[in-house]
Protein chains: 2
Amino acid sequence: VGPRLPRPRDRGDANVVGDLVTRAREGDPRAVARLISLVEDESPLLREVTAALAPHTGGARIVGITGAPGVGKSTSTSALVGELRKAGQRVGVLAVDPSSPFSGGALLGDRVRMQDHALDREVYIRSMASRGHLGGLAWSTPQAIRVLDAAGCDIVLIETVGVGQSEVEVAGLADTTLVLLAPGMGDGIQAAKAGILEIGDVYVINKADRDGADTLRRELRTMLALAERGEDDWRPPIVKTVASKNDGLDDVVTEIDRHHAWLESSGELAVRRTRRARDEIEAIALTALRARWGDVHGRSELDDLAAQVAAGESDPYAAAETLLAEL
Amino acid sequence: VGPRLPRPRDRGDANVVGDLVTRAREGDPRAVARLISLVEDESPLLREVTAALAPHTGGARIVGITGAPGVGKSTSTSALVGELRKAGQRVGVLAVDPSSPFSGGALLGDRVRMQDHALDREVYIRSMASRGHLGGLAWSTPQAIRVLDAAGCDIVLIETVGVGQSEVEVAGLADTTLVLLAPGMGDGIQAAKAGILEIGDVYVINKADRDGADTLRRELRTMLALAERGEDDWRPPIVKTVASKNDGLDDVVTEIDRHHAWLESSGELAVRRTRRARDEIEAIALTALRARWGDVHGRSELDDLAAQVAAGESDPYAAAETLLAEL
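Worth saying up front: this structure is predicted, and the values here are computed from it rather than measured. (Residues numbered from 1 in each chain as written. Chains lettered and ligands numbered in written order. Predicted model: local features only at pLDDT ≥ 70, side-chain atom pairs only at ≥ 80, totals over all residues. Heavy atoms only, no water.)

> Could you clarify how one ought to interpret the overall build of chain A in this entry?
Broken down by element type, chain A carries 12 helices and seven strands. Residues classed as buried in chain A amount to 56% of the 327 residues present. (Helix = DSSP H or I, 4+ residues; strand = E, 2+ residues; numbered from the N terminus. Buried < 20%, exposed > 50% of the residue type's maximum accessible area, 1.4 Å probe, protein only.)

Following this line, the structure appears as structure tokens:
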């Protein structure tokens, strides 16, 4: 499931979109919400929206927050928002929750823990449904990030439940990825899985007032030390927090800032953002191609070829060539 | 990383490949090993190989075996091979191990636990390196399955470590997916993660002589009962085994057979195999397109577009259109 390239529309639509973008940039939360809905619902205005947003993007820092269920992600996100607001930052939050019962985008402020910030006009909070049953990010997540970025957010937090591949995907979308852990979560590092050790830019041990926090930190430090890193590479720090008591979040903000400074000075920021744009372009192009392959002679060309391969009448390389020859 | 479409070759190559396929079908393990190496190494003969294999494919049942580290996957796979050999079946095993130190395909019989079967000419065992650091399956896994299928295996077992997305991918490749669990693995079902409950056709509780096996079965049964299933849908059974004592494997084989009978009678087998072929064709076509996008004017067209999008000079939809217009 994903967007087909929508048809171009007339001038009137462009004005509607331009007006929404102007209002969003002035801080109108309803305009922000409407723009996110337009990208999420694959509106025919989608193309105008992304075109109108483009010149205003690139200013926000994108921070992913991931970790296994139970580590306190929502509490940490909420506490982090509070800390960032103290510093006067405009903050966007995208909460991507695979277990969300909402099939589309949910209402602003629907996350209970986020109610603290629901009336703050400098905080945009949005829940997004996940794409599939295995918890991947919705295809529209990058577009929703663009909306919040263009709306003048200084920082956009993307909170995902660490299930399936979503933690890897969020690392692909973010400039900085926070990986949350907590003591007493089964096997600690083992439970966190190998993959998570490769995506964190900052590790946060939440619930650090509990037994086992120091052991977890020691284990984590040992695991991280095993990774090969060059002289100038970023070395992920480990921060301890008790998010429910707003404890340690200042250190988290300090490390996010420090990582961002490294991203800029090392040139890695441009590398990550270009890679992200490339993935996004390719995904859109592939979706358009899929739509085309599915629409030849009113029946799916690709389905016909797949049936031939499944029956042993053709092989996948020959079928791929047929498909490409039709472009 | 993946295959470009290799150039067509002359007749001599076709004869070499045809000869290898003939010998593989006659049961020559060296011919099987050579064919897998050809697909794994992206040999220029890759296209001839897949074309020569195609008419002989479709006979093997493809069974995926997945589960978290420590549940006893290798022991179970080895015991299952023994059980299938008792029934006179020709068995292929692909062990996809993300932690494997081998960068390419490893030698036949390199898995210690599989040594029992290393001298059995009716068993082909192959370790394959995984694709990336997060443990996905190698792109060549479907091609290696084709080799074993065409070589006359009655059943091909694909063993993967349940890390990252590999368990989801193996379900996409298999007719029947076995999910292994064991008591005492942290939080049991919680540790098994939500995703695993959606991909299993047969659940195996290994180490069932340990404390907690019955609790685990009860929990699992409750979780599985929550899934909505229609009247005629498959209801995944739960089997208990002690693989290290060869206990319960006959029940696993019975359930694999029962699931296969259901796949055939319900028409789901054709659906799954056609879907698999479609994914494979699409992946090959996309890889060829990527190579094309990366090769315009000696510099990557896609990289240029991505840099423009990252700089806010273009948007991803406009960039995708430019890319597609060049095809």
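> Please clarify how the packing of aromatic side chains should be interpreted in this entry.
Given two aromatic rings, their pairing is described by the distance between the two centres and the angle made by the two planes. Residue and element names in this part refer to chain A. All chains considered together, the criterion is met by two aromatic pairs over all chains. Geometrically, the ring pair formed by W234 and W262 is tilted, given 5.9 Å between the ring centres and 40° between the ring planes. Here W262 lies in helix α9 (residues 249–266) and W234 lies in the loop between α8 (213–226) and β7 (238–240), a separation of 28 residues in the sequence. Considered together, W234 and W262 belong to a single accessibility category, that of buried residues. (Phe/Tyr/Trp six-rings, centres within 6.5 Å; stacked < 30°, edge-to-face > 60°.)

> Just to check I follow, could you spell out the nonpolar core for this structure?
Across soluble globular proteins, nonpolar side chains have a tendency to be buried as a group. Among the nonpolar cores identified, the biggest contains 97 residues, and L35 and I281 of chain A together with L35, I158 and I281 of chain B are the most heavily contacted of them. The residues touching L35 of chain A, leaving out its near neighbours within four places in the chain, are L20, V21, A24, V49, L53 and V147 of chain A. (Core = buried A, V, L, I, M, F, W, Y, C linked by side-chain atoms within 4.5 Å. Contact = heavy atoms within 4.5 Å.)

> It is not clear to me how the side chain of E282 of chain A should be interpreted in this structure. Could you clarify?
Note that E282 of chain A resides in helix α10 (residues 268–293). Leaving out residues up to four positions away in the same chain, E282 of chain A has contacts with R290, W293 and L302 of chain B.

> Would you take a moment to explain the pairing of strand β5 (residues 176–181) of chain B for this structure?
Residue and element names in this part refer to chain B. Along β5, six of the six residues are buried, which leaves the element largely enclosed by surrounding structure. In terms of strand pairing, strand β1 (residues 61–67) meets β5 through five bridges, oriented parallel. Of the residues in β5, the one forming a bridge with I65 is L178. Note that β5 and strand β6 (residues 202–205) share four bridges and pair parallel. Its bridge partner lying in β6, L181 is registered against I205. (Pairing = 2+ DSSP bridges.)

> Just to check I follow, could you spell out the packing of α10 of chain A against helix α10 (residues 268–293) of chain B for this structure?
Two measures define how a pair of helices packs: the angle their axes make with one another and the distance between the axes. Between α10 of chain A and α10 of chain B, whose axes approach to 12 Å, the crossing angle comes to 130°. Looking at the two axes, α10 of chain A sits oblique to α10 of chain B. Crossing angle aside, the handedness with which α10 of chain A passes α10 of chain B is right-handed. Each of E282, A285, L286, L289, R290 and W293 of chain A in α10 of chain A lies in contact with α10 of chain B, whose residues at this interface are E282, A285, L286, L289, R290 and W293 of chain B. (Axes fitted to C-alpha atoms, helices over the stretch in contact; angles between N-to-C directions. Parallel < 35°, antiparallel > 145°, perpendicular 65-115°, else oblique. Left-handed = near helix turned anticlockwise from the far one by under 90°.)

> What's the story with empty space enclosed by the protein in this structure? I'm lost.
Summary: where empty space remains is shown by rolling a probe the size of a single water molecule over the atoms. In this structure the tally under the stated criterion is five cavities of 30 Å³ or more. Around the largest cavity, the lining is made up of 15 residues, and of these T57, R146, D149, R276 and E280 of chain B lie nearest the centre. At the level of elements, α11 (301–310) of chain A together with α5 (141–150) and α10 of chain B are the ones that each hand at least two residues to the lining of the largest cavity. Partitioned by chemical class, the residues of the lining of the largest cavity number eight nonpolar, two polar and five charged. (1 Å grid on protein atoms, 1.4 Å probe; cavity = no way out; pocket = protein on both sides within 12 Å on 5 of 7 lines; lining within 4 Å. Points joined across faces, edges and corners; volume = space filled by probe spheres on them. Nonpolar A, V, L, I, M, F, W, Y, C, P; charged D, E, K, R; others polar.)

> Honestly, the confidence of the model for chain A in this entry has me stumped. Any pointers?
Close inspection of predicted coordinates is inappropriate in any region flagged by low pLDDT. All names here are of chain A. In the predicted model, chain A carries a mean pLDDT of 80, and 77% of its residues have values of at least 70. Within chain A, no element has a lower average pLDDT than helix α7 (residues 189–196), which sits at 55, and none a higher one than β7, at 98. pLDDT under 50 marks residues 99–113. Its contacts with residues more than four places away, or in other chains, come to 24 contacts. Long-range and interchain partners of residues 132–136, a stretch whose pLDDT sits below 50, account for 14 contacts in this model, where long-range means more than four residues apart. In the predicted assembly, ipTM is 0.76 and pTM is 0.67. (pLDDT = per-residue confidence, 0-100.)

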